[in-house]
Each structure stands twice: as C-alpha cells, then as structure tokens.
Amino acid sequence: MKKSDVVKLILKEKHYQAPLNSVGKSFAPTNIALCKYWGKRNQEINLPVTSSLSISLGDKGATAEIKLNSFQDEIKLNGSDVALDSSFSQRLINYLNLFRQPDQIFFSINIVSNIPIAAGLASSACGFASIILALNALFGWQLLDSELSILARLGSGSASRSIWQGFVEWHAGSLEDGMDSYAQSLSAKWPELCIGLLIFNNSEKSISSREAMQRTVATSPLYSAWPDKVAADMIKLKDAISTHDFKLLGETAESNAMTMHATMLSAWPAVCYYMPETIMAMQKIWKLRTQDLEIYFTQDAGPNLKLLFLKKDITSVLNEFNKLEIIRLFDV
Ligand code: 2P0
C-alpha cells in the first residue's frame with residue numbers, strides 16, 4: 001500500500017476538485033505523548049505497532065497558509081524562503097505531491113511555527129497537521145476528522161494526533177490500509193493540569209526520531225516488551241484522566257517515557273538522547289517528589305523534559321525551575 005493509494009481511498013473524486021478558496025489557512029497544536037508512539041508496523045504509511053495517547057499544547061504549534069502558485073512550489077518557514085532542495089522542503093514537497101492534480105498544480109506555502117523546530121517538541125506533528133487542515137480549507141474537501149487524521153499521519157505519525165486540542169488517543173488499528181489507524185479526541189478536560197517545557201538544547205538532533213524508532217525495532221532486545229507496556233499504560237492513563245488521578249497520570253507517563261528510552265539505549269548502535277542536564281533534572285524531580293512536590297516528567301526523542309504538575313504547585317515548581325515555560329492546556 002502506497003501513500004497515494006491511501007489518499008485515493010479518502011479523497012475519491014474530490015482529488016480532481018478545483019480549489020474552493022484562494023487561500024487555505026489553519027493552525028494545529030503540537031502534542032506531547034503521555035503514552036508514546038514508538039515503532040511502526042508499516043514504514044510507508046506510518047502505521048504504529050501500538051496505540052498512543054497525547055495532550056495537545058494549546059496555542060503552541062504551527063499555522064500553515066497555502067495557495068496555488070503558477071510555476072513552481074514556494075516554501076517559506078516563518079516568512080523566510082526555504083531552498084527547495086533542502087531536506088525540510090523535500091519532505092514537504094513529497095507530501096504535497098500526494099495532493100496535486102493531474103495538471104500538476106504548484107503550491108505556495110508558509111508555515112509559521114512558534115516552537116523550536118527539531119527540538120524534540122514534535123514540530124513535524126503540528127507541521128503536517130496544519131498543512132492537511134489548510135489543504136482541506138483551500139480545496140473545500142470537508143473531510144471527516146478521522147480522515148484528516150489519517151492524511152496527517154502520512155506526513156508524520158504523531159501528526160495524526162495534532163488535529164485536536166486536549167487529550168487525544170491514536171488507535172493503532174489493524175487493517176493493512178490503515179483506515180482504522182487514526183486519532184480521536186478523548187473530550188476530557190482537566191483545567192488544573194499543567195505542562196512545563198524544560199529546554200536544554202534547541203539544536204537539530206543528531207539522530208531523527210524516525211531513524212531512532214526504526215533502529216530500536218530492528219535491534220533492541222527489549223522492544224518485544226514494549227507493546228504489553230503500552231497496553232497496560234493506556235488503561236492506566238485513561239483511568240487517570242477520567243478520575244483526575246494526577247499521581248496515576250504522572251507515574252504512568254514518566255514510566256512510559258523511561259521504558260521507551262530503555263528500548264533505545266539497548267538498540268545497537270545505542271540511541272541516547274540524554275544530556276547531563278537531562279539526568280540532573282530527573283534526579284532533582286525525583287528528590288522533589290520525596291519532599292512532597294508532586295511533579296513528574298516525560299521525555300521524547302530529544303534531551304528536553306516536559307514536566308507535569310498541577311496548577312496549585314506552579315509557584316513551587318517555578319521556584320525550582322526558573323527557566324520553565326509553562327503551557328496552559330485547557331481554557332478555564
Ligand atoms: C510520540 N515520538 O509519541 C513519539 C515519542 C517521539 C518520541 O512521534 O516517522 O516524527 O514521522 O512517524 O511522528 C516522533 O515521531 O515519526 C514521535 P514519523 P514522528 O510523540
């Protein structure tokens with residue numbers, strides 16, 4: 001199954017529809033997984049081995065603005081032209097190729113992001129989600145949320161979850177064409193819940209999460225334990241979210257991230273995203289918990305940590321981590 005086959009299954013005759021509007025513009029939030037997506041059962045169309053569960057970061061994300069262009073594609077990032085032969089543009093062009101019409105239309109696209117690209121903050125997630133939402137607006141396709149999620153997934157797996165705010169579950173699905181592998185909002189609110197970004201390094205990572213994931217599945221002897229760990233954690237997280245059990249949420253998210261990194265450390269060559277600052281912050285968090293400050297962390301494919309805590313503890317948490325960027329997750 002190719003990406004273009006999935007697009008055909010979803011767009012059908014809409015594929016040949018002229019744009020309804022002169023411009024399509026849309027925002028998508030980035031998301032942080034509390035139960036991680038780590039490993040694919042299909043590399044081509046980004047089908048995951050397991051389900052995953054995330055929380056979207058409110059107004060942190062990307063806005064894509066897309067128009068048709070006359071002679072060639074034009075790609076801008078935060079208003080500046082990006083060379084078409086760069087790896088950033090090539091990945092975008094490959095994605096846009098899926099949606100071109102037989103008469104070979106070109107796109108002009110500007111992506112404005114307010115998060116650091118490639119800092120382990122899932123920039124590809126909000127990038128591809130904002131692009132598919134903007135294309136949907138430009139062409140007037142009126143696709144279902146599940147269809148938008150599937151099409152976003154073709155750009156980047158975690159983009160399937162960035163179609164919504166709040167808590168989001170991405171169902172692994174079992175079909176070969178992935179038509180049952182899409183994300184859905186859990187429609188639960190938790191106004192007291194806070195996330196803080198503890199950024200140690202904003203630069204491009206040495207190994208992409210895509211490659212790290214592939215290497216882990218192929219070589220880690222611990223990877224076989226991962227699907228069972230995810231199945232147990234998904235149940236605990238949904239329970240924690242529905243009962244607002246913060247201890248259960250924090251412990252489960254932290255343990256899930258540590259287990260994911262254990263599978264990477266046991267890959268060969270090992271994948272290690274830790275920086276000394278990462279470990280020092282973890283140890284500080286563990287110590288603070290013994291002093292009754294309820295604070296947990298999660299970590300993605302990068303050295304930065306995302307802290308989980310409750311609104312009542314904002315002042316204490318900021319006293320300990322004064323560079324923390326606090327994200328408001330829910331409108332209250
Ligand atoms: C996640 N990550 O669930 C996990 C945890 C990183 C660590 O999803 O190859 O950029 O584009 O499907 O979505 C990052 O992987 O990978 C990711 P592709 P993606 O957030």
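Residues numbered from 1 in each chain as written. Predicted model: local features only at pLDDT ≥ 70, side-chain atom pairs only at ≥ 80, totals over all residues. Heavy atoms only, no water.

Colleague: Can you explain the packing of helix H1 (residues 3–11) against helix H4 (residues 145–155)? Please cite residues and give values.
Modeller: Contact geometry of H1 with H4 gives a least axis separation of 10 Å together with a crossing angle of 165°. In terms of axis orientation, H1 runs roughly antiparallel to H4. The way H1 lies across H4 gives a crossing that is left-handed. In this structure, H1 contributes Lys-3, Val-6, Val-7 and Ile-10 to the contact, and H4 contributes Glu-147, Ile-150, Leu-151 and Leu-154. Its residues assigned to classes, the contact of H1 with H4 shows 6 nonpolar, no polar and 2 charged. (Axes fitted to C-alpha atoms, helices over the stretch in contact; angles between N-to-C directions. Helix = DSSP H or I, 4+ residues; strand = E, 2+ residues; numbered from the N terminus. Parallel < 35°, antiparallel > 145°, perpendicular 65-115°, else oblique. Left-handed = near helix turned anticlockwise from the far one by under 90°. Contact = heavy atoms within 4.5 Å. Nonpolar A, V, L, I, M, F, W, Y, C, P; charged D, E, K, R; others polar.)

Colleague: Run through the sheet that holds strand E13 (residues 325–328), naming residues and quoting values.
Modeller: Across the sheet, which stays open at both edges, the 4 strands sit in the order E11-E12-E10-E13 with antiparallel pairing between neighbours. Both outer strands of the open sheet, strand E11 (296–299) and E13, are each paired with one neighbouring strand and no more. For this sheet, the mean angle separating the axes of adjacent strands, direction not counted, is 30°. Docked against the sheet, helix H7 (residues 246–265) engages strand E10 (193–198), E11 and strand E12 (305–310), running at close to 35° with respect to E11. Contacts between helix H8 (residues 276–290) and the sheet are confined to E10, E11 and E12, with E11 contributing the most and set at about 155° to the helix. (Pairing = 2+ DSSP bridges.)

Colleague: Describe the pairing of strand E7 (residues 106–113), and please don't skip the residues or the numbers.
Modeller: The element E7 is largely enclosed, with a buried count of 6 among its 8 residues. In the sheet, strand E4 (residues 52–69) pairs with E7 via 8 bridges, with the strands oriented antiparallel. Residue Lys-67 lies in a different strand from E7, and its bridge partner there is Ser-108. The pairing of strand E5 (residues 74–77) with E7 spans 4 bridges and is classified as parallel. Residue Lys-76 lies in a different strand from E7, and its bridge partner there is Asn-110. (Buried < 20%, exposed > 50% of the residue type's maximum accessible area, 1.4 Å probe, protein only.)

Colleague: Explain the domain arrangement of the protein chain to me, and be specific about the residues and the numbers.
Modeller: Looking at the protein chain, the domain boundaries give domain 1 (3–185) and domain 2 (193–328). Centre-to-centre, using C-alpha coordinates, domain 1 lies 25 Å away from domain 2. Between domain 1 and domain 2 lies a buried interface of about 3,000 Å² when both sides are counted; carbon and sulfur atoms form 70% of it. In this structure, the connection of domain 1 to domain 2 is made through 3 salt bridges. For the pair domain 1 and domain 2, the interface holds 8 residue pairs in polar contact (both at pLDDT 80 or more). For the side of domain 1 that touches domain 2, the secondary structure elements donating two or more residues are strand E1 (24–35), E4 and strand E8 (167–170). Top contributing element to the side of domain 1 that touches domain 2 by residue count: E4, with 6 residues. Residues belonging to the side of domain 1 that touches domain 2 are distributed by class as follows: 16 nonpolar, 10 polar and 5 charged. (Domains from an automatic or database assignment. Buried area = accessible area lost by both parts, 1.4 Å probe. Salt bridge = Lys/Arg side-chain N within 4 Å of Asp/Glu carboxyl O. Polar contact = N/O pair within 3.5 Å; in protein donor to acceptor, adjacent residues only side chain to side chain.)

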